[in-house]
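# Tertiary structure, described
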Amino acid sequence: MGGQVYRMERDRARFRDIVRGRLREDLRKYLSTSELLGRQGKKTISIPIPQVELPRFRYGDNSGEGVGQGPGDEGDQMDGDGAEGAGSAGEQPGQHILEVEVDLAELAEMLGRELALPNIQPRGSRQLHTEGGRYTGIRSQGPDSLRHFRRTFRRALKRTIASGEWDPKDPRVVPMRDDQRFRSRRTHPKPESSAVIFHMMDVSGSMGREQKDIVRIKAFWIDTWLRSQYKNIEVVYIVHDAVAKVVDQEAFFHLRESGGTKISSAYELCLKQIQEHYRPDNWNIYPFHYSDGDNWSARDTARCVALLREEILPCANQFCYGQVKSAYGSGQFKKDLDHALGHDDQIVTTAIDSREGIPESIRAFLAEGR
Amino acid sequence: MATGGHLPANLRQQARITEAAARAVGLDFFDVVFEMLDAADVNAVAAYGGFPVRYPSWRFGMDYERLQKGYDYGLSKIYELVINNDPTYAYLVRSNSLMEQKLVMAHVMGHADFFKHNVWFGPTQRSMVEQMGHHAARIRSFADAYGQDTVERFLDVALGLDGLIDPYLPLRESRRAESRRETIQSRAERARTDFEQHWGDGAESLRPGPRPSRSAPTTPSSGDLPTFDILGFLVEHSRLADWQVEILSIVRAEAYYFVPQRLTKIMNEGWASYWHSHLLTHGLLDASEIVDFADCHAGATAVAPGQLNPYKLGIELFRHAHARGDDLFQLRQVHNDVSFIDHVVDEQFAESNQLFVYQRNSRTGKNMVVDRDWVAIKEQLLRELSWGGSPRIQLIEADADGEGGLLLVHKHEGRDLKLDEAGAQLKTLAQVWGGPVHLLTLEEGVGRRISTDGQEISVIETARAQDVCGGQESAQAS
């Protein structure tokens, strides 16, 4: 036992070095990110994992046909689009994989761990209420000095009896690795303050399905993270083309408008919301804006910069602008923002070319812990 | 195998009971050896394809990382693993409940019976646990002699070609007991003795320098072509160094070992699920375990909207065949997934299982139900499963251009290749062959010839492809 893992560690370390670019440059071009999927209620979440896929003969695009199972009439759209044919059902028999659910708090923790995100430090004079410094928890890993003898013994005893190895004449109990339990210190600060997230999205004609999907995925993860950091959180969704309006979550993700783009309209609406509903001394404020970088005119961009500099930045924790690459967008807006406000560390701008860029962009937004 | 722990007394007892119950219903298998593993170790063994010892490769590390992350994040966990070998090895995961262990044991008995009796498994190497260990030792010794990087690079090249085999070859060969496979092994054999004589097996083995080869490639004869066993052709005729030939033949042997599992995935899982369900509900379960079992069984055979689950499809096929009065034991013996589905699927089956054909709508990017006609469903299923789900690539000429170039043909059957990857794969092939390689295929009905010398790739339009690829398009045109 254990030998498996030890031997595997070398193969795994080699793979990691390839992913990091330390070894085998020739394989870099085949590196891609696949994903592990999990479900949270109706939402599907994905955990990116790197993958090196060497080229081989395989079928191309015109094979998008398959056999499925379930209700529905001819012409009906199927639920979910991850349907796979029987042909891709995997190669090994008897390797059963069972899906289990993850809850949102765990997801946020994973996200934090994967992207190495710091916990957020709420601004202002409000104190964090912490309950740190007490060993109240139990976990399955830890240093020997914290081993909880009674719990460990109890588990070992249970296992021995359950497995039929208990002999009353020779009542020996030998704990093994899985039996061990350790005290753990609960140090998680419990922020008492509230936060509001503004998701502003450009829905003008140039934002296509793929661009919206990228925004959707990003917004989901950002919400998840911020929710884990604040007890009381509100989310305001704003869409804009040449005019801006507040919409509900459903509309935010599905609306398709067309027409021109006047970004200042969204910033004005956001500011109005802040002034009317979310006073900065009571709220931590996180405006996020996503667009493909095309604005109506340079004059409107100047107006946006002025709004940000004078009104929004002074009351927000951080302002994030995520520019999603589209076939039509010039990407000028990010350049303009960087030029005008790049020195201000309260503003973070990122450019996302494709889905692969999402984790990096989320990290850029949340890495400062503001 | 000294990898896993021995079973505690109660599970040993349970294994005996399960085995007796399985034999009583007519299942027959080699000895089944259960071993107990911790969850972390199970992921490692699974990443190694179920085997305790494999050659060193980053690919196993990659698979392990995926499995381990899925496990860490609570997204997936492996229930059981079973290896086609004599004796049949199966792993139990320590953290499973007693009910789950019972289910796994009964399921394993089904697989073990299938391994022993299904005709496609007949020609497989039954001492693969030792073989894999032996392969690993060979490749490690090459790495010691020629450097890990060099050997790993060539191993990657060889593994990139492991799809270029003929899934039906082993069965055909074993039927004809023909000499061809023996010749292929014999070149690898010669290479091996040569390596050992030259390098020795002790400290001597680090001696560098060139060496004479006694295992020269043979010239292709007309009897070798055409062939789908391109890997076998390369083993026999390529101008590679001996150690490279041996790596190719190791990769080929392992690829052929796994082929039957690909050809019978649905049947094999269906058979195992059919019997675990039968055995557990006919006496193996305690009354208190029935609900948990039902829950667990339903999870394994669950159908996500619009997807096919091989466990579910397989078990339903056997149940349907049973209801029709077929002899299940005979079916499991003579069929693979394609012929089995062809034999069993009828209108009633398609209807009661709510099967349909879907198609991706290019506008919305979503899949849509397009057909519920059982004939169309069956045709689609068979198309997807034929040739183990991969494109059929045949080598037809070994000196097509007068420059010793290989000529390959993609048997089109209505589905285009991914051309960029095909080009990259051809480049790999050209490097191994040491000469140009050409592939004839169709792209949206237009004949193409992709050529490469291992460096540059060129694509030209050619009418010849229309004839030899034998695609639907050309059939319709005539």
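Residues numbered from 1 in each chain as written. Chains lettered and ligands numbered in written order. Predicted model: local features only at pLDDT ≥ 70, side-chain atom pairs only at ≥ 80, totals over all residues. Heavy atoms only, no water.

Moving on, we get to the overall build of chain A. A count of helices and strands for chain A gives nine helices and 14 strands. Within chain A, the proportion of its 370 residues that are buried is 43%. In chain A, the proportion of contacts linking residues at least 24 apart, taken out of those at least 6 apart, comes to 74%. Element-wise, carbon and sulfur atoms account for 46% of the exposed surface of chain A, whose accessible area totals about 19700 Å². (Helix = DSSP H or I, 4+ residues; strand = E, 2+ residues; numbered from the N terminus. Buried < 20%, exposed > 50% of the residue type's maximum accessible area, 1.4 Å probe, protein only. Contact = heavy atoms within 4.5 Å. Areas by Shrake-Rupley, 256 points an atom, 1.4 Å probe, with all protein chains shown as cover.)

A word on the overall build of chain B. What chain B contains, in helices and strands, is 20 helices and eleven strands. For chain B, with 478 residues in total, the buried portion stands at 57%. The long-range fraction of contacts in chain B, counting pairs at least 24 apart against all pairs at least 6 apart in sequence, stands at 70%.

Turning to the side chain of Gln-68 of chain B, a few remarks are in order. Among the secondary structure elements, Gln-68 of chain B is positioned in helix H3 (residues 58-72). Taking relative accessible area as the criterion, Gln-68 of chain B reaches 9% and is therefore assigned buried. Side-chain polar atoms of Gln-68 of chain B contact the side chain of Asn-43 of chain B, separated by 2.9 Å. Discounting chain neighbours no more than four positions away, the residues touching Gln-68 of chain B are Arg-12 of chain A together with Ala-40 and Asn-43 of chain B. (Polar contact = N/O pair within 3.5 Å; in protein donor to acceptor, adjacent residues only side chain to side chain.)

A separate point is the sheet that holds strand E11 (residues 244-247) of chain A. Residue and element names in this part refer to chain A. On the basis of which strands lie adjacent, the open sheet formed by six strands has the order E11-E10-E9-E12-E13-E14 and mixed pairing. Of all the strands in the sheet, the pair left with one neighbour each is E11 and strand E14 (347-352). Taking each pair of neighbouring strands and ignoring which way they run, the sheet shows an average axis angle of 20 degrees. Relative to E11, strand E10 (residues 232-240) is paired through four bridges, and the arrangement is antiparallel. Its bridge partner being in E11, Tyr-237 is matched across the sheet by Val-247. Its contacts with the sheet put helix H8 (residues 332-341) on strand E12 (283-291), strand E13 (319-324) and E14, and the angle it makes with E14 is roughly 155 degrees. (Pairing = 2+ DSSP bridges. Axes fitted to C-alpha atoms, helices over the stretch in contact; angles between N-to-C directions.)

The next thing to look at is a positive patch on the surface. Residue and element names in this part refer to chain A. Taken together, Arg-150, Arg-151, Arg-154, Arg-155, Lys-158 and Arg-183 make up a surface patch of like positive charges. Tallying contributions element by element places helix H3 (residues 149-162) first for the positive patch, with five residues. Here Arg-150 shows up in helix H3. Residue Arg-150 is classed as exposed on the basis of its relative accessible area, which comes to 59%. (Patch = residues over 30% accessible without salt bridge, like charges linked within 9 Å, V, L, I, M, F, W, Y side chains within 5 Å. Salt bridge = Lys/Arg side-chain N within 4 Å of Asp/Glu carboxyl O. Lys, Arg positive; Asp, Glu negative; His and termini not counted. Charge placed at Lys NZ, Arg CZ, Asp CG, Glu CD.)

All names here are of chain B. Taken in spatial order, the three strands of this open sheet run E1-E4-E3, and their pairing is mixed. Two strands close off the open sheet at either side, each with one partner strand: strand E1 (32-37) and strand E3 (80-83). Between one strand axis and the next, the sheet turns through 20 degrees on average, direction left out of account. Examined bridge by bridge, E1 and strand E4 (residues 88-93) share six bridges and lie parallel to one another. Among the inter-strand pairings, Leu-37 is bridged to a residue of E4, identified as Val-93.

Residue and element names in this part refer to chain B. The topology assignment puts Gly-423 in helix H18 (residues 419-433). The class of Gly-423 is buried, set by a relative accessible area of 2%. When the C-alpha positions of Gly-423 and His-438 are compared, they lie 9.6 Å apart, and in sequence the two are 15 residues distant.

What follows covers the layout of surface pockets. Taken as a whole, the second largest pocket holds about 1300 Å³ of empty space. Along its surface, the second largest pocket is lined by 41 residues, and Arg-159, Met-176, Asp-178 and Asp-179 of chain A together with Arg-94 of chain B are the ones closest to its centre. Looking at the lining of the second largest pocket, the elements that each hand over two or more residues are H3 of chain A together with helix H1 (9-24), helix H2 (39-47), H3 and helix H4 (98-117) of chain B. Here the element with the most residues in the lining of the second largest pocket is H3 of chain A; it accounts for five residues. A per-class count over the lining of the second largest pocket returns 15 nonpolar, twelve polar and 14 charged. (1 Å grid on protein atoms, 1.4 Å probe; cavity = no way out; pocket = protein on both sides within 12 Å on 5 of 7 lines; lining within 4 Å. Points joined across faces, edges and corners; volume = space filled by probe spheres on them. Nonpolar A, V, L, I, M, F, W, Y, C, P; charged D, E, K, R; others polar.)

Another aspect to go through is a negative patch on the surface. There is a patch of like negative charges on the surface, built from Asp-73, Glu-74 and Asp-76 of chain A together with Glu-347, Glu-351, Asp-373 and Glu-379 of chain B. Structurally, Asp-76 of chain A is set in the loop between strand E3 (65-69) and strand E4 (97-99).

So, about the pattern of salt bridges. With the rule as written, the count across this model stands at 40 salt bridges over all chains. Across the pair Arg-172 of chain A and Asp-170 of chain A runs a salt bridge whose closest N-O atoms are separated by 3.2 Å. A relative accessible area of 61% places Arg-172 of chain A in the exposed class. Since its relative accessible area comes to 37%, Asp-170 of chain A is described here as partly exposed. For Arg-177 of chain A, the salt bridge goes to Asp-38 of chain B, with nearest N and O atoms at 3.7 Å. Pair noted here: Arg-177 of chain A is in the loop between H3 and strand E7 (182-186) and Asp-38 of chain B is in the loop between E1 and H2, and the two residues belong to different chains. In this structure Arg-177 of chain A comes out as exposed when scored by relative accessible area, which is 55%. Among the charged side chains, a salt-bridge network with shared partners connects Arg-14 and Arg-24 of chain A together with Arg-59, Asp-149, Glu-152, Arg-153 and Asp-156 of chain B.

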